[in-house]
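For reference, the chains in residue letters:
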Amino acid sequence: MELTPITTPLREFKGHKEGIMAVAVLPDKQRMVTGSWDKTVRLWDLNTGFVLEKMERHRNVVLRLAVSRDGQLIASGDMDGKVILWHGETGEFARIITAHSKSIYSLEFSPDGTVLATSGYDDRMMNLWNTKNCEQQGDPIDCGSHVTCARYSPSGKLLAIATNKNIQIYNPGTRERVASFRAQIYTWSLAWTPDGTRLLTGGSVLDYTICEWDTTTWKQVGDPWTGYWNNINAIAVHPTGTLVASTSYGNHVHLWRLSDRQTIAIFECSFTPLCVTFSVDGNHILSGGEDDMISEWAIPHPKAFRACFVQILAITRARGACIDGHLSTAEELLTQDINTDDNNHTSYAHRSFVMARQNDWDYAIQDAIKSISIQPSLTGYISKGIALCGKGRILDARAAFDVASMYTDQDPQILHFLLLIKVIALFNADQQDEANLLFKELFSGCPNADILGCCVVQAYLRVQLGIKAFDGARYEEAADHFTAVLDSSALSSSSPIHFMYEDLVVLFGWNLKSLWLIAHQKRCHALLRAGKLQDAVKAYQYMMDNIDEATKASCVEWSNGNAPFLTRGDAALAASDYDKAIALYSAVIELNSASDAVFANRSIAKLGKMLWEDALRDAQKVTELNPSSHVGYQLTHAALRGAQRYDRAIEAFKIMLSKLDDSPEARMQDLRQQYVHPSEAEDAIQRAVWIELEYAPIRLLNTSTGLLCDRAAQINAFKMTAKYKELLSFTTKHSDLEMNRIKEGVAMYFRRVMLSHRWEEKEALLHDIQGKDVRELRGIGGIAKLQSFCQVARDAGYRWAWMDTCCIDKRSNTELQESVNSMFVWYRHSALTIVYLCDVPPSSQLGALARSVWNERGWTFQEFVAPKVVIFYRKDWSLYLDDRSPNHKESPAIMKELEDATGIDSRTLVTFRPGMSGAREKLQWASKRVTTVQEDVAYALFGVFGITLPVIYGEKKQNALGRLLQEIVARSGEITVLDWIGKPSEFNSCLPAHITSYTTPPRTLSPLSEEHIHTQVSSLRQTVSASLASKFYDQLEQLRAPRFSNCRLHLPCISFRVAEVRRRRGLAQETPITYRIKADGLHDLLITTEETLVQFSRARPIQQTFLLVRPWDRHLLGVPDFAEQSDFADDTESIGDWTEPGSPIDDSDELPGDSPVKEEPGSRTLRLMVRLGQPFDAFLLAQQRIGEYKRVASDYNIIAQVKDIASVDNMDVGTVEIL
């Protein structure tokens, strides 16, 4: 059908002196800007048609114009290659850019307004400019041919460039060309559809067509649009994306329908139109050209183009107020119309719509009825139906809508739209079932259905259902509704439905422009509340990826204010749900507007996941965003520390402290007080090192380097390790200084392995290895042993090792003294002691350990009982019995073998504690062991008894042993040490010459029964004077403990004067000699000794006095001895889990410290006398000088017994001095 051109424009805008080359409208709908051959740019008021501003800065023809999407900037380009930026609000000059050397052929703002794209004639380049500073942004895009036009896609993600050879599509961010194709012979103009799915190209030079291209495949859609016979100067697309306007030489503006590419209107101009655009509301076309003016053309509204119900609140100020949500203004304007013409039925109907929008249903019904009473009409009955639905009068509302259909002139488009209004009204009245049923019938059964309109209504109603489900905490249901909306073909981020269905905005206040964004945001909320985090994040990222920068900017407030991701991210972080927190914070950061706090929180979450490098990047971003804050450096320190990059971590921590120091805030100063400077941490670590090394050997072998290290070298090696730097970087607060982390870290580093072995013929000595790598030495003899020992220690994960042959400087008396006295403590604090059995062959079986010479050596006793962890190795350094348990002290088989070999209970071997307790038994254990150096028999026991004495090699065995035993007696008062058989020591006659004198275990007596004691006590009450017994008890109670002074023993005892000594008949040369002894108050007894005694009797007395004495044992008193509760163990042991047992010589019937028992008067004294009546071990003393005695050694125990326990006058209580 041939179209009749429209020749009369609605209005003409005149003022330019010459032809108009460019036109653009501003988004406020109120203004227009034009550029002309007369070198001016003019800003127009669209309502009045007047020029608001004449902008005169160009010196040549203005060829191109562009307006930013927010209307804040206007750009104009001229034939000299100059581009001028103007303020959009005022038209005032802003900046000038020398963009190209020749004419500006293309001018285009990016959708977010931050970039201005320009091209010039003949330079083949597309330049991108930063609109804030007008500096070129990156390198130009080299297009290779003359650029004629360039247009950003609606999303801003693509830039289409037309050249004289082809069309080129670029990613403007990366400058990457994503597509290239041939369009017309010479493409002159470009335009995108609002949804970005189509690109239109206009040709020239013998190819006067418009081509349509699918932007997903870059394939041509359908046939070219024909109808021109000259160059296509400009193309514009309607805001709805349904219409296209184009200009060409030939004085015509064509209006095309995009759906079928048909011309639906032609506007005839008086001269050639050179530019064209649509008004913002899409109701008009503005064209300009060689006629020196802008013509405004009304767009015809065919049924296929626009929802036809334009009669509703036609284009008036009241309609605009309704669209903008200014309902009180709309009501006021309509009331003014009614006051002007009281019979204006349309104004009453329109005011009814406004009152319904305000939920004032009674007034809405009143106005609707008034409208119908004046003149029944379609708008009147629609307003009545809507008002009655709002009031809940559904039957009446149905009737009103039915009558309304009579006023549609049977136009199917209007009738269809009426039914859609009915669906919405019923839905709003909670008649959802009826509304849905009507909608389904309308959608599927109506041959003339407006499919897009149906989709829009369905989408909006589903959004309402989603909101209702969300408010009811049915989050998955809500998410399904919102997802269905977003899956609708009617909805997209750039969908122009707000133009096409503006009447729904007028009637119901629908926000169609933001419907897509609202559905997305609501879906994100619903998915989050439903616990579908990953789906929520994907939905959010999809939304952000598919909206333009301007819309993103509108989301910033939503994201930072009531942001579901941010608030839930904080909650997830607080709950240590780090994966969830990271995902949520990442979604916030996708906005590119996240604060340093968001990056900080994501860094914390990544630290929780031990994603050190990722956490570090976020921490650095925090510092970049807020360089004055300490937080970024604090997180950097934590991330670097986790990544074990300790040097950088410490530097970051120092910067953090400086930031706190520089802060004037009191809160920051208080926070600073919690932290310690690394120098303070160094001091704390140094203190822990010295405490740890207090119980370590002076020299240690470094198993990693093979070098022997003194204390200084050990500490320096530690400071070079990652462990030291780790401790330094982790010790940041005062509370850290008191924590076990430092102590444990230091202890772990300085763990050491001690070697216990029998010295062989050739051992590695200090001078053999000092300053050398033992690993590189020739592996023979002791060196091979040392190398194997270090290798085993290193393989077990220990850095330090100690071997007595080469780790002591025996030339230094001071070092030797310290080593001998500290040996037990060193072994006690070893992490592991390796016992090397040089005489136990490989693959030996159980029993080989017991036969090893290692069991006979003096030093190896303490080397085994002191450490807590011991492992035995055979000659070839294989595990004894192939026992791979971590501690052979926990091996029942090995410990049973040692128990049998040593005679020491296996539990004692494992739980041995040094000290004076059980001194006689410890001496017995050591009595069978031998040492190469005679003094070592005593020195090897210093640690066993927790004694520190001078080491005097050359003093001889008796003196060394005497000093040891003297110290034991002096410190503990332990008289069992005097219980021995053999030769007396030159040191003191009460001490043995050899430790083998303790081989015989001490004699023990069976305890008295309580019945026997009770009988004896009853008998004594009849025969003993109470006062005499009490006096005797008091004398014994006042006796002091035995003590040594200048090798003299001051021994508290009960003494019995010897009255007769006679040699038993036998061989004259017989040794030892047996003597019969008679003493006052004792039964006669025999003693055997190698000494020759002077015989005497009462009839033949001599001047020399002999005594039989009973060393006094305070346990016989039956009262607590608090001295026993002292800790005789070494200083490094805790006594919290053990107590010293009583003296082995104690044969009393009560234990010290028993709960007190009610006794008769004198009972305790008499009980003591009963105990004294038991046989006892006696010493025979021979007077040397007045008050001085010497013990006569015996080959057997001297067993004595009181004749009559009631004769206390025969018992002399006192202290004797023994040489």
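Residues numbered from 1 in each chain as written. Predicted model: local features only at pLDDT ≥ 70, side-chain atom pairs only at ≥ 80, totals over all residues. Heavy atoms only, no water.

Where an unreviewed UniProt entry is consulted, the chain appears under the name Heterokaryon incompatibility domain-containing protein, with the organism given as Suillus plorans.

Caption draft 1: Quick peek at the pairing of strand β11 (residues 115–120). Taking burial as the measure, the six residues of β11 include six buried ones, the bulk of the element. Neither face of β11 is exposed, since Val 115, Ala 117 and Ser 119 on one face and Leu 116, Thr 118 and Gly 120 on the opposite face are all buried. Where strand β10 (residues 104–109) meets β11, five bridges bridge the pair, whose relative direction is antiparallel. Looking at β11, one finds that Leu 107 is bridged to Thr 118. Count of turn residues in the β10/β11 antiparallel hairpin: five residues, of which Gly 113 carries a positive phi of about 75°. Bridge count between β11 and strand β12 (residues 125–130): five bridges; the pairing is antiparallel. Paired with Val 115 across the bridge in β12 is Asn 130. With antiparallel pairing between neighbouring strands as the criterion, β11 and β12 make up a hairpin whose turn holds four residues, including Asp 122 at a positive phi of roughly 80°. (Buried < 20%, exposed > 50% of the residue type's maximum accessible area, 1.4 Å probe, protein only. Helix = DSSP H or I, 4+ residues; strand = E, 2+ residues; numbered from the N terminus. Pairing = 2+ DSSP bridges.)

Caption draft 2: A look at the state of the cysteines. Overall, the coordinates contain zero disulfides when judged by the stated rule. In this structure Cys 149 is a free cysteine whose sulfur lies 12 Å from that of Cys 143, the closest cysteine sulfur available. No disulfide involves Cys 807; its sulfur sits 4.0 Å from that of Cys 806, the nearest cysteine. (Disulfide = S-S within 2.5 Å.)

Caption draft 3: Main features of helix α23 (residues 678–693). The terminal C-alpha atoms of α23 lie 22 Å apart, and with 16 residues this matches the ideal 22 Å at 1.5 Å per residue to within 8%. Within α23, the full set of buried residues consists of Pro 678, Ala 681, Ala 684, Ile 685, Ala 688, Val 689, Glu 692 and Leu 693. With its buried residues spanning 165° around the axis, α23 presents them on a single face. Where α23 is buried, its residues touch α21 (646–662), α24 (711–719), α25 (722–730), α26 (734–738), α27 (740–749) and β31 (752–757). (Expected span 1.5 Å × (residues − 1). Arc of directions from axis to C-beta. Contact = heavy atoms within 4.5 Å.)

Caption draft 4: Here's a closer look at the UniProt feature "domain: Heterokaryon incompatibility" (unreviewed entry) in the chain. The UniProt record marks residues 754–839 with the feature "domain: Heterokaryon incompatibility" (unreviewed entry), using the residue numbering of this structure. In residues 754–839, helix accounts for 41% and strand for 14%; the two terminal C-alpha atoms are 19 Å from one another. (UniProt positions renumbered as here; feature names shortened; annotations may be inferred.)

Caption draft 5: Main features of the sheet that holds strand β24 (residues 252–257). Across the sheet, four strands lie side by side as β22-β23-β24-β25; this open sheet has antiparallel pairing. Every interior strand has two partners, whereas the edge strands, β22 (232–237) and β25 (262–268), have only one. In this sheet, neighbouring strand axes are inclined to one another by 20° on average, regardless of whether the strands run parallel or antiparallel. Bridge analysis of β24 against β25 gives six bridges, and the strand direction is antiparallel. When the bridges of β25 are listed, Trp 256 appears paired with Thr 263. (Axes fitted to C-alpha atoms, helices over the stretch in contact; angles between N-to-C directions.)

Caption draft 6: Broad picture of helix α3 (residues 345–357). Compared with the 18 Å implied by 1.5 Å per residue over 13 residues, the 19 Å span of α3 between its first and last C-alpha is a close match. Of all 13 residues making up α3, 12 are buried, and the element is well covered by its neighbours. Contacts from the buried residues of α3 go to α1 (317–324), α2 (327–340), α4 (361–374), α5 (378–391) and α12 (502–508). Where α3 begins, the capping side chain belongs to Asn 344, and its oxygen is found 3.2 Å from the backbone nitrogen of Thr 346. Just downstream of α3, Asn 359 is the residue with a positive phi angle, here 60°. (Polar contact = N/O pair within 3.5 Å; in protein donor to acceptor, adjacent residues only side chain to side chain.)

Caption draft 7: Expanded view of a nonpolar patch on the surface. On the surface, a nonpolar cluster with roughly 300 Å² of combined accessible area is contributed by Ile 185, Val 205 and Leu 206. Within the secondary structure layout, Ile 185 lies in the loop between β17 (176–181) and β18 (186–192). (Patch = residues over 30% accessible without salt bridge, like charges linked within 9 Å, V, L, I, M, F, W, Y side chains within 5 Å. Areas by Shrake-Rupley, 256 points an atom, 1.4 Å probe, with all protein chains shown as cover. Salt bridge = Lys/Arg side-chain N within 4 Å of Asp/Glu carboxyl O.)

Caption draft 8: Geometry of the confidence of the model for the chain. Predicted confidence across the chain gives a mean pLDDT of 88, with 91% of residues reaching 70 or more. Segment residues 557–562: pLDDT under 50, and 16 contacts once partners within four positions in sequence are set aside and those in other chains are kept. pLDDT under 50 marks residues 1125–1157. Its contacts with residues more than four places away, or in other chains, come to 63 contacts. (pLDDT = per-residue confidence, 0-100.)

Caption draft 9: A look at the side chain of Arg 641. Locating Arg 641 in the fold gives a position in helix α20 (residues 631–642). Within the structure, Arg 641 has its side chain in polar contact with the backbone oxygen of Ser 729 (distance 3.3 Å). The contacts of Arg 641, once residues within four sequence positions are left out, are Tyr 646, Ala 649, Ser 729, Phe 730 and Thr 732.

Caption draft 10: Broad picture of the packing of aromatic side chains. Scanning the entire structure with this criterion turns up 35 aromatic pairs. Consider the rings of Phe 864 and Phe 872, whose centres lie 5.8 Å apart with planes at 35°: the pair is tilted. A single burial state applies to Phe 864 and to Phe 872, both of which are buried. Between Tyr 873 and Trp 877, the ring centres sit 5.9 Å apart and the planes meet at 45°, which makes this aromatic pair tilted. Chaining the aromatic ring pairs together yields one cluster made of Phe 718, Tyr 724, Tyr 749, Phe 750 and Trp 800. (Phe/Tyr/Trp six-rings, centres within 6.5 Å; stacked < 30°, edge-to-face > 60°.)

Caption draft 11: Structural detail: the nonpolar core. With 118 residues, the main nonpolar core has Leu 701, Leu 786, Phe 872 and Phe 945 as its most contacted residues. Grouped together as the second largest cluster of nonpolar side chains are 98 residues, Ile 386, Ala 459, Ala 605 and Leu 635 included. (Core = buried A, V, L, I, M, F, W, Y, C linked by side-chain atoms within 4.5 Å.)

Caption draft 12: Representation of the UniProt feature "repeat: WD" (unreviewed entry) in the chain. The feature "repeat: WD" (unreviewed entry), as annotated in UniProt, sits at residues 13–54, 55–96, 97–133 and 225–266 in this numbering. For residues 55–96, the helix share is 0%, the strand share is 55%, and the end-to-end C-alpha distance is 13 Å. Helix makes up 0% of residues 97–133 and strand 54%, with an end-to-end C-alpha separation of 10 Å.

Caption draft 13: View of the environment of Ser 76. Assignment of secondary structure puts Ser 76 in strand β7 (residues 73–78). Ser 76 sits in the buried class, given a relative accessible area of 0%. A sequence separation of 10 residues divides Ser 76 from Trp 86, and the C-alpha atoms of the two residues are 8.2 Å apart. Residues contacting Ser 76, with those up to four places away along its chain left out, are Val 41, His 58, Val 62, Arg 64, Leu 65, Lys 82, Val 83, Ile 84, Trp 86 and Leu 107.

Caption draft 14: Region of the structure containing the pattern of salt bridges. Here the structure, examined in full by the defined rule, presents 45 salt bridges. A salt bridge links Asp 661 to Arg 672; the shortest N-O distance between them is 3.0 Å. Of this pair, Asp 661 sits in helix α21 while Arg 672 sits in helix α22 (residues 666–672), and the two are 11 residues apart along the sequence. Here Asp 661 falls in the partly exposed class, since its relative accessible area comes to 42%. Its salt-bridge partner being Arg 963, residue Glu 955 comes within 2.4 Å of it at the nearest N-O pair.

Caption draft 15: Representation of a positive patch on the surface within the structure. A surface patch of like charges, here positive, comprises Arg 1064, Arg 1076, Lys 1078 and Lys 1203. Mapped onto the elements, Lys 1203 comes out in the loop between β43 (1199–1200) and β44 (1212–1218). Take Lys 1203: its relative accessible area is 51%, and that puts it in the exposed class. (Lys, Arg positive; Asp, Glu negative; His and termini not counted. Charge placed at Lys NZ, Arg CZ, Asp CG, Glu CD.)

Caption draft 16: Summary view of the sheet that holds strand β15 (residues 159–163). Read across the sheet, four strands follow the order β14-β15-β16-β17 without closing on themselves; strand pairing throughout is antiparallel. A strand with exactly one partner marks an edge of an open sheet, and here the two such strands are β14 (147–152) and β17. Shown here is a sheet whose adjacent strand axes are inclined to one another by a mean of 20°, direction ignored. Where β15 meets strand β16 (residues 167–171), four bridges bridge the pair, whose relative direction is antiparallel. For Leu 159, the partnering residue across the bridge sits in β16 and is Tyr 170.

Caption draft 17: Representation of the packing of α1 against α2. Running from N to C, α1 and α2 point in directions that differ by 160°, and their axes come no closer than 7 Å. Accordingly, the angle class assigned to the pair α1 and α2 is roughly antiparallel. Between α1 and α2 lies a crossing whose hand is left-handed. Within the contact between the two elements, α1 uses Arg 317, Ala 318, Ala 321 and Cys 322 and α2 uses Leu 327, Thr 329, Ala 330, Leu 333 and Leu 334. (Parallel < 35°, antiparallel > 145°, perpendicular 65-115°, else oblique. Left-handed = near helix turned anticlockwise from the far one by under 90°.)

Caption draft 18: Geometry of the packing of helix α19 (residues 612–625) against α20. The geometry of α19 relative to α20 is characterised by a closest axis approach of 8 Å and an angle of 165° between their N-to-C directions. The angle between the axes of α19 and α20 places the two elements in the roughly antiparallel class. Judged by the twist between their axes, the crossing of α19 over α20 is left-handed. Residues Trp 612, Ala 615, Leu 616, Ala 619, Gln 620, Val 622 and Thr 623 of α19 form the contact with α20, whose own contacting residues are Val 631, Gly 632, Tyr 633, Leu 635, Thr 636, Ala 638, Ala 639, Leu 640 and Gly 642.

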